Amino acid sequence: MPDFSRVWDVLVIGGGNAALCAAVTARQAGCSVLLIESAPKAFRGGNSRHTRNMRTMHTEPTSVLTEAYLEDEYWDDLLRVTGGQTDEHLARMTIRLTTDALRFMEASGVRFQPSLSGTLSLSRTNAFFLGGGKALVNAYYALAERLGIDILYDTEAVDLRMEDGFVREVAITHRGFPETVRAKAVVASSGGFQADLEWLEKGWGPAARNFLIRGTPYAKGVVLRNLLDQGVASVGDPTQCHAVAIDGRAPKFDGGIATRLDCVPFSVVVNKDGERFYDEGEDVWPKRYAIWGRLVAQQPDQVGYAIIDAKSETLFMPSVFPPIKADSVGELAVKLGLEPAKVEATIAGFNAACVPGEFNSTRLDGCRTEGLTPPKTHWARPITEPPFIGYPLRPGITFTYLGVKVDENARVRMDDGRPSANLFASGEIMAGSILGKGYLAGFGMAIGSVFGRIAGREAARNARN
Amino acid sequence: MRETEATAEARRALEVCNACRYCEGFCAVFPAMTLRREFSSGDLSYLANLCHNCRGCYYSCQYAPPHPWNINVPQVLAQVRAETYEEYAWPASLVGLYRRNGTVVSLAAAAGIALTLLFTMALVDPSILYTAQTGPGAFYRVIPWWLMVTLAGGTFTFAVVVLIIGFVRFWRDTGGRAEEFAQGRPLMTALHDIFTLKNLGGGGGGCNDVDEGFSQVRRRFHHFMFYGFLLCFASTSTATVYDHFLGLVAPYPFWSLPVQLGTWGGVGMVIGTAGLIWTKIVSDPAPAARNLRGSEYAMLSLLLLIAATGLLLLALRHTGAMGVILAVHLGLVFSFFLVMPYSKMVHGVYRSAALFRHALERRPSPPPPGNKPSDRALGSAA
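Numbering of residues starts from 1 in every chain and runs along the sequence as written. Whichever chain is written first is A, and whichever ligand is written first is 1; the rest continue in order. The predicted nature of this model means local features are confined to residues of pLDDT at least 70 and side-chain atom pairs, given and counted, to a pLDDT of 80 or more, with totals for whole chains, interfaces and linings taken over all residues. The side-chain quantities take in all heavy atoms of the structure and omit both hydrogens and water.

1. Quick notes on the overall build of chain A
Helix and strand assignments come from DSSP, with helices taken as H or I runs of at least 4 residues and strands as E runs of at least 2, each series counted from the N terminus. Counting secondary structure elements, chain A contains 13 helices and 18 strands. Taking 2.2 N^0.38 as the reference for a compact globule, 465 residues should give roughly 23 Å; the C-alpha atoms of chain A span a radius of gyration of 24 Å, in line with that estimate. For chain A, the spread of C-alpha atoms along the three principal axes comes to 75 × 50 × 40 Å. Each residue gets one of three labels from its accessible area relative to the maximum for its type: buried under 20%, exposed over 50%, partly exposed in between, using a 1.4 Å probe on protein chains only. With 465 residues in all, chain A has 62% of them scored as buried. Throughout, a residue-residue contact means that at least one pair of heavy atoms, one from each residue, lies within 4.5 Å. Put simply, of all contacts in chain A between residues at least 6 apart along the chain, 73% involve residues at least 24 apart. A positive count includes Lys and Arg, and a negative count includes Asp and Glu. His and the chain ends are not counted in either. Every charge is mapped to an atom, namely NZ of Lys, CZ of Arg, CG of Asp or CD of Glu. Here chain A contributes 51 positively and 54 negatively charged side chains, and the mean placements of these two sets differ by 4 Å. Radius of gyration: over C-alpha atoms. The globule rule applied is 2.2 Å multiplied by the number of residues raised to the 0.38 power.

This is the structure we're talking about:
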């Protein structure tokens with residue numbers, strides 16, 4: 001049982017990558033640090049557990065990255081996915097600091113995979129954690145323990161008692177018991193609210209009940225709500241979340257990366273009425289991966305069904321759940337719980353509309369349909385060869401955009417524009433300051449690592465003054 | 001390879017792994033896995049023996065227990081691995097020796113010592129056992145040369161024959177062909193992986209030998225044991241040459257080649273086996289297959305005893321204790337050869353075969369389906 005009567009220099013709320021970067025940085029600056037993680041030890045690390053890489057600027061090849069990836073190209077990539085909903089100053093600063101963040105990570109014991117063959121485009125832009133995000137989180141916790149950071153699991157912040165922008169104390173529950181923590185400076189790194197289904201429902205209506213949450217069940221946005229209620233300035237669209245289409249059989253929470261389905265570009269996707277609703281072959285899959293969560297979320301009962309035939313069976317990553325197979329389209333429809341006649345008609349209509357062409361799964365091949373609404377503009381091949389294979393799709397929520405507004409020192413802003421006296425934020429809880437829309441692979445970890453370090457540094461400076 | 005509960009569980013786990021692939025940087029199992037979309041029982045046998053039980057994948061797994069998917073790859077592959085030892089054993093009537101293997105190895109060791117002592121007492125004047133014997137032929141006055149050669153040669157030949165049969169059965173079951181052995185380069189790659197224990201490197205920084213921290217201790221202790229064992233084997237081989245071709249009769253002086261090889265080999269084996277036993281005792285049991293521990297402890301202990309009695313023999317060979325120590329040492333060696341093909345020692349055969357199979361698979365070929373950039377693009381939530 002920790003001594004809750006003492007005053008820590010820095011309290012870090014959260015237990016993922018950003019929180020750990022902040023805690024380690026503050027501790028290395030000489031502060032006493034308490035880190036509270038709402039999850040039990042086995043599930044520590046928030047959404048970082050499910051991550052795999054960090055998008056990193058670099059001017060020359062490194063041990064883990066090939067070629068070079070410069071600020072302007074990184075910024076252009078970000079601009080494209082956000083459609084301009086970003087803060088150029090903060091974004092460029094984040095981009096520049098990823099180079100140094102990578103060094104910090106390596107020095108902290110985080111291990112990376114050696115740069116891959118070079119044929120994979122992401123080995124240039126993204127540094128891959130050896131073993132993924134849970135291994136990264138393990139490395140940081142091991143370092144935190146060595147440094148003497150106090151770590152409490154099963155410990156949730158419920159109320160940051162603020163007075164005029166100053167956090168006086170923080171009410172917590174420690175293994176279910178109410179306690180109060182006092183610290184000179186506080187870093188909020190407690191993530192978004194995507195695991196709070198009722199909150200999601202406010203933006204999406206009853207459809208949100210059918211959403212699956214890919215990441216941690218512990219990101220309930222308690223701290224975010226608490227701060228916004230006390231006049232902390234917000235950023236990001238409160239009704240929006242990042243959703244991808246995942247296997248409909250995935251668990252409600254924590255299904256992670258394995259639940260992804262890459263078959264959409266090669267398939268016909270129908271809704272529960274057996275009707276198509278969008279161009280499955282619009283672009284290469286990484287670029288279109290993120291729009292399908294939203295598309296499926298807009299369908300009745302928030303469900304879709306991707307249907308392929310034997311020709312496409314091995315063109316994409318294996319799925320974690322077995323494919324549903326049948327010898328005819330009608331039989332497959334029955335197995336998927338769809339009206340066979342409708343699905344047969346949709347597939348027949350699609351098959352008839354396919355224009356002959358040279359199929360190529362690795363590029364935009366122009367194999368398309370003609371006279372079909374909506375069209376399929378690439379990889380359109382008649383679905384004729386048994387076995388016919390189906391996968392159910394559901395929206396999988398990755399993160400929410402609503403967050404607290406911070407400045408370049410990770411210091412939280414109040415509604416009236418004044419900075420908080422001792423509250424800092426890093427990670428998903430403030431990512432909306434930079435990422436207002438869309439997503440760029442490995443950018444969440446970039447924001448978390450960069451702002452985690454800034455928040456730790458500034459909180460330490462604040463605590464010492 | 002037959003279908004069992006363990007193979008079903010291994011298949012379930014690897015299907016999750018194959019959809020995740022975060023562990024591809026750790027060891028050979030994961031790149032080998034991604035070459036397949038479905039796992040036959042032969043594939044599982046191969047992958048189980050390719051696994052070096054380094055446990056990096058367990059501690060980094062987002063689906064490890066208490067996650068409801070309950071993925072524990074090192075544990076289930078260890079269980080499958082143990083079943084492969086039974087599967088390929090010859091004769092089939094002796095596969096029962098793999099169950100309760102700790103007991104079997106312990107009893108064999110005890111019986112080996114007892115029988116050697118009894119034989120010795122029956123064949124030579126018992127007083128020789130207790131009096132100092134020195135000079136050329138001292139050992140053979142305790143245990144006659146013909147008996148030593150018959151027992152050692154017989155048990156060793158038997159072990160080699162059984163191991164070869166197991167190797168052939170494994171090779172066939174995992175889809176191998178005889179002509180593949182003509183491929184020099186994969187063979188060299190496999191030998192490199194075997195002699196360096198590359199797959200206990202955990203992708204560079206070591207394995208999770210004890211807990212979620214990384215270390216190289218298991219690899220180093222295994223090197224001590226393995227190279228110690230090879231030095232001892234070299235010692236025996238050199239001694240055979242000395243005896244048969246040079247007419248030099250044991251015991252040899254301390255600075256002679258056989259004694260030097262045996263001494264340092266013995267020291268290596270003591271350090272290695274004791275270290276591995278210690279590692280096993282202190283390591284986190286969660287990713288381990290509990291039913292295999294008896295087998296592992298028994299074989300490590302037997303090797304430790306062989307090395308320790310060998311060194312003791314060296315230290316006391318000029319005294320009256322030599323006779324008993326020699327009989328005990330040789331009793332342990334004979335029982336080791338006898339149980340070797342029905343013990344944890346077979347892992348060396350199947351793991352080497354699996355590494356060779358992996359080296360053959362790694363030859364340049366078109367990338368497998370699913371290895372597109374998108375694999376990685378999607379690898380990052382948040």
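Structure shown, so let's carry the discussion forward.
2. Considerations on the interface of chain B and chain A
Contacts between chain B and chain A engage 41 residues on the former and 52 residues on the latter. Buried area is calculated as the accessible area (1.4 Å probe) missing from two parts once they are joined, with the contributions of both summed. A buried area of about 4100 Å², summed over both sides, lies between chain B and chain A, and 59% of it is on carbon and sulfur atoms. The term salt bridge refers to a side-chain nitrogen of Lys or Arg lying within 4 Å of a carboxyl oxygen of Asp or Glu. Applying the counting criterion to the chain B and chain A interface returns 2 salt bridges. When the shortest N-O distance is used, the salt bridge between B:Glu24 and A:Arg52 registers 3.0 Å.

3. Let's talk about the pattern of salt bridges
All names here are of chain A. One pass over the structure, following the stated rule, counts 44 salt bridges over all chains. Glu370 serves as the salt-bridge partner of Arg368, at 3.3 Å between the closest nitrogen and oxygen. Residue Arg368 is classed as partly exposed on the basis of its relative accessible area, which comes to 36%. Between Asp407 and Arg413 there is a salt bridge whose closest N-O contact spans 3.4 Å. Its relative accessible area of 15% is what places Asp407 among the buried residues. Taken together, the shared-partner salt bridges in this structure form one network comprising Glu71, Asp72, Glu88, Arg92 and Arg96.

4. Side note on helix H3 (residues 88-107) of chain A
Residues and elements named next belong to chain A. Multiply 1.5 Å by the residue count of a helix minus one, and that product is the helix's expected span. With 20 residues, H3 extends 29 Å between its outermost C-alpha atoms, agreeing within 8% with the 28 Å of an ideal straight helix rising 1.5 Å per residue. The largest bend in H3 is about 40 degrees, located at Thr98. Considered for burial, the residues of H3 that qualify are Leu90, Ala91, Arg92, Met93, Thr94, Ile95, Thr98, Ala101, Leu102, Phe104 and Met105. Where H3 is buried, its residues touch helix H1 (17-28), strand S3 (53-55), helix H2 (71-82), strand S4 (126-128), helix H5 (133-147) and helix H13 (443-464). Think of it this way: the bend at a residue is just the angle between two axes, each fitted to seven residues, one set ending at that residue and the other starting at it.

5. Describing the environment of A:Phe177
Residues and elements named next belong to chain A. Locating Phe177 in the fold gives a position in strand S8 (residues 177-188). Judged by its relative accessible area of 59%, Phe177 falls in the exposed class. Spatially, the C-alpha atoms of Phe177 and Thr155 are 9.0 Å apart, while their sequence positions differ by 22 residues.

6. Some thoughts on empty space enclosed by the protein
Empty space among the atoms can be located by rolling a probe the size of a water molecule over them. The way it works is a 1 Å grid over only the protein atoms, where trapped points that fit a 1.4 Å probe form a cavity and open points with protein on both sides within 12 Å along at least five of seven lines form a pocket, and then any residue with an atom within 4 Å of a point lines it. Grid points are joined across faces, edges and corners, and a volume is the space filled by probe spheres set on the points. The tally for this structure, following the rule as stated, stands at 10 cavities of 30 Å³ or more. Quantified by volume, the largest cavity comes out at close to 520 Å³. Contributing elements (two or more residues each) for the lining of the largest cavity: H1, strand S6 (155-163), helix H7 (222-229), helix H12 (428-431) and H13 of chain A. The biggest single contributor to the lining of the largest cavity is H13(A), with 4 residues. In this classification, the charged set is Asp, Glu, Lys and Arg, the nonpolar set is Ala, Val, Leu, Ile, Met, Phe, Trp, Tyr, Cys and Pro, and all remaining amino acids, among them Gly, are polar. For the lining of the largest cavity, the residue count by class is 17 nonpolar, 21 polar and 4 charged. Counted as a void, the second largest cavity has a volume near 150 Å³. As for the second largest cavity, its lining consists of 16 residues, and the residues nearest its centre are B:Cys17, B:Cys20, B:Cys23, B:Cys57 and B:Cys61. Among the elements of the structure, helix H1 (5-20), helix H2 (29-33) and helix H4 (56-59) of chain B are those that each provide at least two residues to the lining of the second largest cavity.

7. Structural notes on the environment of B:Ala19
In this fold, B:Ala19 is placed in helix H1. On the basis of relative accessibility, which here comes to 0%, the residue B:Ala19 falls in the buried class. B:Ala19 sits 15 residues away from B:Thr34 along the chain, and the two C-alpha atoms are 9.1 Å apart. When near neighbours in sequence (up to four residues on either side) are disregarded, B:Ala19 contacts A:Ile257, A:Ala258, A:Arg260, A:Met317, A:Pro318, A:Ser319 and A:Val320.

8. Focus on the packing of aromatic side chains
Aromatic pairing here means that ring centres of Phe, Tyr or Trp (its six-membered ring) are within 6.5 Å. Orientation follows from the plane angle: under 30 degrees is stacked, over 60 is edge-to-face, and everything else is tilted. Following the criterion strictly, the structure yields 38 aromatic pairs over all chains and no others. Each ring, one from B:Phe226 and one from B:Tyr227, has its centre 5.2 Å from the other, and the planes form 70 degrees; the classification is edge-to-face. Relative accessible area serves as the criterion here: at 23%, B:Phe226 is assigned to the partly exposed category. You can call B:Tyr227 partly exposed: its relative accessible area is 32%. For A:Arg111, the ring lying beneath its charged end belongs to B:Phe214, and the centroid distance is 3.8 Å. The lysine or arginine in question, A:Arg381, covers the ring of A:Phe359, its NZ or CZ lying 3.4 Å from the ring centre. In this scheme, the term charge over a ring applies when either NZ of a lysine or CZ of an arginine sits within 6 Å of the ring centre and within 35 degrees of the ring normal.

9. Concerning the pairing of strand S2 (residues 33-36) of chain A
Residue and element names in this part refer to chain A. Both faces of S2 are covered, namely the face carrying Val33 and Leu35 and the face carrying Leu34 and Ile36. We treat two strands as partners when DSSP finds at least two bridges between them. In the sheet, strand S1 (residues 7-13) pairs with S2 via 4 bridges, with the strands oriented parallel. In the sheet register, Val12 faces S2, and the bridge partner there is Leu35. Inspection of the sheet shows S2 paired to strand S5 (residues 150-152) by 3 bridges, in the parallel sense. Within the sheet, the bridge partner assigned to Leu34 lies in S5 and is Asp150.

10. Considering the packing of helix H8 (residues 145-173) of chain B against helix H13 (residues 322-339) of chain B
All names here are of chain B. The axes used here are C-alpha line fits, helices contributing only the stretch in contact, and every angle between their N-to-C directions lies in the interval 0 to 180 degrees. H13 packs onto H8 with a crossing angle of 25 degrees between their chain directions and a minimal axis gap of 7 Å. Between H8 and H13, the crossing angle belongs to the class labelled roughly parallel. H13 is crossed by H8, and the crossing has left-handed handedness. Taking contact as the criterion, the partners of Met148, Leu151, Ala152, Thr155, Phe156, Phe158 and Ala159 in H8 are, on H13, Leu330, Phe334, Phe337 and Leu338. Oblique is the label for any angle not covered by the other classes, which are roughly parallel (under 35 degrees), roughly antiparallel (over 145) and roughly perpendicular (65 to 115). Handedness of a crossing follows from how the near helix is turned relative to the far one, being left-handed for an anticlockwise turn of less than a right angle and right-handed for a clockwise one.

11. Points about the side chain of A:Ser189
Residues and elements named next belong to chain A. For Ser189, the position within the fold is in the loop between S8 and helix H6 (197-204). Two N or O atoms form a polar contact when they lie within 3.5 Å of each other; inside protein one atom must be a possible hydrogen donor and the other a possible acceptor, and for residues adjacent in sequence the pair counts only when both atoms belong to side chains. One polar contact links Ser189 to Ser426, side chain to side chain, over a distance of 2.7 Å. Contact partners of Ser189, with chain neighbours within four places excluded, come to Val12, Ile13, Gly14, Gly15, Ala18, Ala19, Ser426 and Ile429.

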